[in-house]
Amino acid sequence: MQLTKKNPLAIRQALAFSTAALLGHASPPAHAADNRDWEVDSAIMFYQETGRVSATEPILRLRMDRGDDHFLTLKFVADTLTGASPNGAIPTSSAQTFSGPSGTAGYTTPANSVPLDPTFHDARYAFNAEWEQPAGSASKSIYGVNFSTETDYQSIGLSATYNFDFNQHDTTLTTGIAANADSVQPIGGTPLGLSTVVATPAGGGKNEGEGGGGEAKFNINKHVYDLLLGITQVMSRQDLVQFNINAGKESGYLTDPYKILSVVDTNGALIFPDPYVHEKRPDNRGRMAFYSQWSHQFTSDVLRLAVRHYSDTWGISSNTLDAHYRLELGQRQYLEPHYRYYKQTAADFYHTSLRSSDLAGLNYASADYRLADMSSKTLGLKYGLLVGKRSEVAIRVETITQHARPSEVIGVQNQQILLPDIKASIIQLNYSTVF
Amino acid sequence: MSSRVPRVLGISILLGTLSACSFQPVQPWEHDLLAQKKMQLQPSAVDAALDEHTYFSKEASRGGAGAGGGGCGCN
Amino acid sequence: MGDADYTLEFRADHWVGRFQAMASPCEVLMDVEQEAQARELTQIAHAEALRIEHKFSRYRQDNIVHRIHRAQGEAVEVDPETAALLDFAGQCYTLSEGLFDITSGVLRQVWRFDGSDRLPTTAAVKKILPRIGWEKIRWQRPRLCLPAGMEIDFGGIGKEYAVDKTLQLLRARTTASVLVNFGGDLVTSGPRRHGQGWIVGVENPTTVVDNPPLQSHCEFELNQGGVATSGDSKRFLLKRGVRYSHILNPRTGWPIPDAPRAVTVTAATCTDAGILATLAMLHGKQAEQFLQTQHTPYWCIR
């Protein structure tokens, strides 16, 4: 058709002048939605665990309106980790020496200290794209792809979500599926689960795979599948509730190749000469999460409450409470306190340390504190300021305290704090705008 | 057989309760407050993404609020 | 229809005035507290809607449109408002390269869009064509010369114009946010007191036919400007599985093939939105392509 051959945008502009003349306006009125919106959300998070890892994590999210209810969302995240992370061994009354992953520089942990692997640093880059489009008259579909890469870990994933509205948009049913294929290349090869960690002198250069029975596999896979069913219901002008069921399945290499366990005698002391074994987790995990959320608007403040119950086939079950209260300070500022409480039971195969007599009968074992009986508490505060008509800056400060309980304290271990609390602080700056 | 009676009764009572509490539909013009960003399920997508990653790397549980999300070797 | 033919209702935090005009249900949403003020604004809107309907309806015997049609080729001097509409119609004709033509209304004599399969004959359509064409009109403000047998029809712009005109009048009376909605073509003066816009539902013609009450295709928030819909929800012909849209090509006299069922467009004014929606329909298969180039939010239902 002829119209599109000329400068097509000129039609709307010319029309605006004609209409202004028709309606007796001096000039065409400004059109707020003149161009379709680009939403930009960005943040940088600084995360610091007292005496342990610190991370810097910038994130950028762009949501582009492509017209006719089609949206493209792109998300970029970078995550730089430095510092020390627990290797799984227990603190003892004398200094302990560990080899680094397969021949890299080892390290020594002083007496009465939690062994931390100081070589722990990595950078992760993740990219995510989502395409949203209407599907039929009252529904929409969202398709997503994501990639992420680290030195020893890559992940690629696909997702699809379908939302169906009814009851005059008061009710939305959501179904979603996601699949991720991850690959791990443990530095120096994949250790054989529950095999002895071969001692190398600090700074030594011997491949533990040789004597310790480590498998020299350099690329191993992990698959993650998720299924989500949800319903979102508008309860009133001020209330919105959501209820989700999320089932997941993970299979493949789910072990942490760098984590070890201490092997002890009946008195709780490290055995000699090889006191450490590599951890080993089952190669399957089924999980289920029930999530519900309620948002309520008071006169202008908003309370957002979420609870989650989670359980998996590793014996972990957890409950989470997450509460945000957005307190409006006039029209342009707000304060948002945040409280989160999380409590989990230990995995069936979690052992703070292993008795040497039990070792032979075990299929799986891990001393990763994240699989222990554990609770964590978050307190946070966010301050937001609207800048101009469509921009916002915000600062968020949070502290997270984690308290884990040992599965068992054997003999002399009662002289140690096996799992000291972990304290982390977060400072985050946000900027978002629309153009 | 007698044990089946209460179960059927239970289901019908449950259904009855559900229909009894079926609320008045909220009219489209009443969606004004819900359209505000602060009333969205996730008012800040970047906060949600950062939180999800942080807790994924520090705790054993995951999922619930949504399906998918990028893999990470951190846990 | 008297002045009492409107209703007022308070909904949570705003007033809604309702009346019937231009063969459509009309409503005015007012972000005000006082009933007296809401009543006054509704009366103004109602009166303006009726005024424009009376003045530009082609069914009346006592208005300017009737005078122009009765003149049989003689020049008619028109008032400034009619002149502005004629200027505007001429500009739309030029902008659309002849696709938007207010003289194409005579095609109604052979096309009756009643959902049936009664298509006109090719000969009947051909016979009408000489009586169509804005270029055959002599228009020099304030005098219009319409050849005998031709007609002009403000139906394609009248309702949207009335919406914008009504908003102008209301704006002169209040700074509060108001939304004027005449049968789905609407405009708002600006954001509401709490900073949000009005929530507007886009109707899906396929569900409207079967299920009239409020089945909206989607909802969005309107902070400013106008929204208009062009569609053939009830006005179409169906023969041998081919749907003939009521959007006619004034050059051929036949419906535009592959036109969307409905196009909803937002723009700075309701009038702009209405013209853009109609132009999109006139682009048939390329409707979405055309809308993409206009950089304004739209919904296209096929």
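In this convention, every chain numbers its residues from 1, walking through the sequence in written order. In the order they appear in the text, chains get letters beginning with A and ligands get numbers beginning with 1. Thresholds applied to this predicted model are a pLDDT of at least 70 for local features of residues and 80 or more for the giving and counting of side-chain atom pairs; totals over whole chains, interfaces and linings are not thresholded and use all residues. In computing side-chain properties, one takes all heavy atoms of the structure into account and sets aside hydrogens as well as water.

### Re the overall build of chain B
Okay, so step 1: A tally of regular secondary structure across chain B gives two helices and zero strands.
Okay, so step 2: Put simply, chain B has 75 residues, and 41% of those count as buried.
Okay, so step 3: With the model as given, the accessible surface of chain B reaches about 3,800 Å², and the carbon-plus-sulfur share is 64%. Helix and strand assignments come from DSSP, with helices taken as H or I runs of at least 4 residues and strands as E runs of at least 2, each series counted from the N terminus. Under the scheme applied here, a residue whose accessible area is under 20% of the maximum for its type counts as buried, over 50% as exposed, and between as partly exposed, the area being computed with a 1.4 Å probe on protein chains only. For every accessible area listed, the method is Shrake-Rupley and the probe measures 1.4 Å; residues are considered covered only by the protein chains on display.

### A short note on helix 7 (residues 270-282) of chain C
Okay, so step 1: Here helix 7 of chain C is 13 residues long and its end C-alpha atoms lie 18 Å apart, about the 18 Å a rise of 1.5 Å per residue gives.
Okay, so step 2: Following helix 7 of chain C by one or two positions, C:Gly284 adopts a phi angle in the positive range, close to 55 degrees. Working rule for helices: expected span equals 1.5 Å times residues minus one.

### Re the state of the cysteines
Okay, so step 1: Put simply, a disulfide is two cysteine sulfurs that come within 2.5 Å. In the structure shown here, the tally under the stated rule is one disulfide over all chains.
Okay, so step 2: The disulfide bridge from B:Cys72 ends at B:Cys74, spanning 2.4 Å between sulfur atoms. For the pair shown, B:Cys72 and B:Cys74 are each scored as buried.
Okay, so step 3: Unpaired in terms of disulfides, C:Cys92 finds its nearest cysteine sulfur in C:Cys270, a separation of 13 Å.
Okay, so step 4: With a relative accessible area of 2%, C:Cys92 lands in the buried category.

### A look at the sheet that holds strand 7 (residues 178-182) of chain C
Residues and elements named next belong to chain C.
Okay, so step 1: For two strands to pair, DSSP has to find at least two bridges joining them. Taken in spatial order, the eight strands of this open sheet run 1-2-3-7-8-11-14-15, and their pairing is antiparallel. The open sheet is flanked by strand 1 (6-11) and strand 15 (298-301), the only strands paired with a single partner. Direction aside, neighbouring strands of the sheet carry axes that sit 10 degrees apart on average.
Okay, so step 2: Across six bridges, the pairing between strand 1 and strand 2 (residues 14-21) is antiparallel. Along strand 2, the bridge assignment pairs threonine 7 with arginine 18.
Okay, so step 3: Residue contacts follow a heavy-atom distance rule, with two residues in contact if any of their heavy atoms lie within 4.5 Å. To get an axis, a line is fitted to the C-alpha atoms, and for a helix only the part in contact is used. The angle between two axes follows their N-to-C directions and goes from 0 to 180 degrees. Most of the contacts of helix 1 (residues 35-56) go to strand 2, to which it runs at about 25 degrees, and overall it touches strand 1, strand 2, strand 3 (24-30) and strand 7.

### Some points on the pattern of salt bridges
Residues and elements named next belong to chain A.
Okay, so step 1: Put simply, a salt bridge is a Lys or Arg side-chain nitrogen that is within 4 Å of an Asp or Glu carboxyl oxygen. Following the criterion strictly, the structure yields 45 salt bridges over all chains and no others.
Okay, so step 2: Glutamate 250 is the salt-bridge partner of arginine 285, the closest N and O atoms lying 3.9 Å from each other. Separated by 35 residues along the polypeptide, arginine 285 in strand 16 (residues 284-297) and glutamate 250 in strand 13 (residues 239-252) bring together distant segments of the chain. Residue arginine 285 shares its accessibility class with glutamate 250, and that shared class is buried.
Okay, so step 3: For arginine 285, a relative accessible area of 9% translates into the label buried.

### Here's the deal with unusual backbone geometry
Okay, so step 1: Put simply, A:Phe272 and A:Pro273 share a cis peptide bond, and its omega is 10 degrees.
Okay, so step 2: Looking at the element boundaries, A:Pro273 is found in the loop between strand 14 (260-264) and strand 15 (276-278).
Okay, so step 3: We note that C:Ala23 has phi near 60 degrees; this positive angle belongs to a residue other than glycine.
Okay, so step 4: Of note, C:Ala23 is situated in the loop between strand 2 and strand 3.
Okay, so step 5: Residue C:Ala23 is classed as exposed on the basis of its relative accessible area of 74%.
Okay, so step 6: The backbone of C:Gln72 sits at a positive phi, close to 55 degrees, despite the residue not being glycine.
Okay, so step 7: C:Gln72 gets classed as exposed once you look at its relative accessible area, which sits at 54%.

### Remarks on the side chain of A:Gln297
Okay, so step 1: Among the secondary structure elements, A:Gln297 is positioned in strand 16.
Okay, so step 2: Take A:Gln297: its relative accessible area is 2%, and that puts it in the buried class.
Okay, so step 3: Here a polar contact is taken to be a pair of N or O atoms separated by no more than 3.5 Å, where protein atoms must pair a possible hydrogen donor with a possible acceptor and residues adjacent in sequence count only if both atoms sit in side chains. Side chain to side chain, A:Gln297 and B:Gln36 meet in a polar contact 2.9 Å long.

### Re the pairing of strand 3 (residues 71-82) of chain A
All names here are of chain A.
Okay, so step 1: Bridge count for strand 2 (residues 54-65) against strand 3 is ten bridges, and the pairing is antiparallel. Within strand 3, the position partnered with alanine 55 by the bridge is leucine 81.
Okay, so step 2: If you look at the hairpin formed by strand 2 and strand 3, you'll find five residues sitting between the two strands, and glycine 67 has a positive phi there, around 90 degrees.
Okay, so step 3: Examined bridge by bridge, strand 3 and strand 8 (residues 122-134) share eleven bridges and lie antiparallel to one another.

### Examining the packing of helix 5 (residues 155-173) of chain C against helix 7 of chain C
Residues and elements named next belong to chain C.
Okay, so step 1: Relative to each other, helix 5 and helix 7 sit at 160 degrees, their axes nearing to 8 Å. Comparing their axes, helix 7 and helix 5 come out roughly antiparallel. Where helix 5 crosses over helix 7, the handedness of that crossing is right-handed. Only Cys270, Thr271, Gly274 and Ile275 of helix 7 make contact with helix 5, whose side of the interface consists of Ile157, Glu160, Tyr161, Val163 and Asp164.
Okay, so step 2: Here the contact of helix 5 with helix 7 is built from residues that sort into five nonpolar, two polar and two charged. Note on angle classes: values under 35 degrees are labelled roughly parallel, values over 145 roughly antiparallel, values of 65 to 115 roughly perpendicular, and the remainder oblique. Note on convention: near helix rotated counterclockwise from far helix by under a right angle means a left-handed crossing. Clockwise means right-handed. Following the grouping adopted for this structure description, the nonpolar residues are Ala, Val, Leu, Ile, Met, Phe, Trp, Tyr, Cys and Pro, the charged ones are Asp, Glu, Lys and Arg, and the polar ones are all others, Gly among them.

### Comments concerning the interface of chain B and chain A
Often, the extent of an interface is quoted as the loss of accessible area upon association of its parts.
Okay, so step 1: Counting residues at the interface gives 47 residues for chain B and 79 residues for chain A.
Okay, so step 2: Buried area, as used here, totals the accessible surface that two parts lose on assembly, with accessibility defined by a 1.4 Å probe and the loss added over both. Here chain B meets chain A over a buried area of about 5,000 Å², counting both sides, of which 52% is carbon and sulfur.
Okay, so step 3: Taken as a group, B:Lys38, B:Leu41 and B:Lys58 account for 14% of the area that chain B buries against chain A, more than any other trio of residues on that side.
Okay, so step 4: For A:Lys382, the salt bridge identified is with B:Asp47, shortest N-O distance 2.7 Å.
Okay, so step 5: Where chain B meets chain A, there are 26 residue pairs in polar contact (both at pLDDT 80 or more).
Okay, so step 6: Here the side of chain B that touches chain A is composed, by residue class, of 19 nonpolar, 19 polar and nine charged.

### Focus on the packing of aromatic side chains
Residue and element names in this part refer to chain A.
Okay, so step 1: By convention, a stacked pair of Phe, Tyr or Trp rings (six-membered ring in the case of Trp) has centres within 6.5 Å and planes under 30 degrees apart, an edge-to-face pair has planes over 60 apart, and any other such pair is tilted. Enumeration according to the criterion identifies 13 aromatic pairs over all chains in this entry.
Okay, so step 2: Look at phenylalanine 127 and phenylalanine 147: their rings are 6.4 Å apart centre to centre, the planes differ by 10 degrees, and that puts the pair in the stacked class. Here phenylalanine 127, found in strand 8, pairs with phenylalanine 147, found in strand 9 (residues 139-150); they are 20 residues apart in sequence, far enough to count as distant.
Okay, so step 3: According to the relative accessible area criterion, phenylalanine 127 is partly exposed, its value standing at 27%.
Okay, so step 4: By relative accessible area, phenylalanine 147 is classed as partly exposed at 40%.
Okay, so step 5: In textbook terms, an aromatic cluster arises when at least three aromatic residues are bridged by ring pairs, as seen for Phe76, Phe127 and Phe147.
Okay, so step 6: Over the ring of phenylalanine 71 we find arginine 63, and its NZ or CZ is 4.0 Å from the ring centre. Only when the NZ atom of a Lys or the CZ atom of an Arg is both within 6 Å of the ring centre and within 35 degrees of the ring normal do we say a charge sits over the ring.

### Some thoughts on the pairing of strand 8 (residues 185-188) of chain C
All names here are of chain C.
Okay, so step 1: Every second residue of strand 8 is oriented toward a common face, with Asp185 and Val187 on one face and Leu186 and Thr188 on the other, all of them buried.
Okay, so step 2: In this sheet, strand 8 lies alongside strand 7 in antiparallel orientation, the contact comprising four bridges. Considered in strand 8, the bridge of phenylalanine 182 is made with aspartate 185.
Okay, so step 3: The turn linking strand 7 back onto strand 8 is made up of two residues, and glycine 183 within it adopts a positive phi angle of 55 degrees.

### As for the environment of A:Val114
Residue and element names in this part refer to chain A.
Okay, so step 1: Within the secondary structure, valine 114 sits in the loop between strand 6 (107-109) and strand 7 (116-117).
Okay, so step 2: Of the residues examined, valine 114 reaches a relative accessible area of 18% and is grouped as buried.
Okay, so step 3: In this structure the C-alpha to C-alpha distance between valine 114 and leucine 418, which are 304 residues apart in sequence, comes to 7.3 Å.
Okay, so step 4: Not counting residues up to four positions away in its chain, the partners in contact with valine 114 are Arg52, Pro91, Thr109, Ile417, Leu418 and Pro420.

### As for the nonpolar core
Nonpolar side chains tend to gather and get buried jointly when the protein is soluble and globular.
Okay, so step 1: Core analysis: the largest hydrophobic core is formed by 79 residues, its most contacted members being C:Phe19, C:Leu86, C:Ile152, C:Phe154 and C:Phe182.
Okay, so step 2: The residues contacting C:Phe154, other than those within four sequence positions of it, are C:Phe56, C:Val65, C:Thr82, C:Leu85, C:Leu86 and C:Ile102.
Okay, so step 3: By nonpolar core is meant a set of buried Ala, Val, Leu, Ile, Met, Phe, Trp, Tyr and Cys residues that side-chain atoms within 4.5 Å join together. Grouped together as the second largest cluster of nonpolar side chains are 20 residues, A:Leu254, A:Ala289, A:Ile316 and A:Phe349 included.

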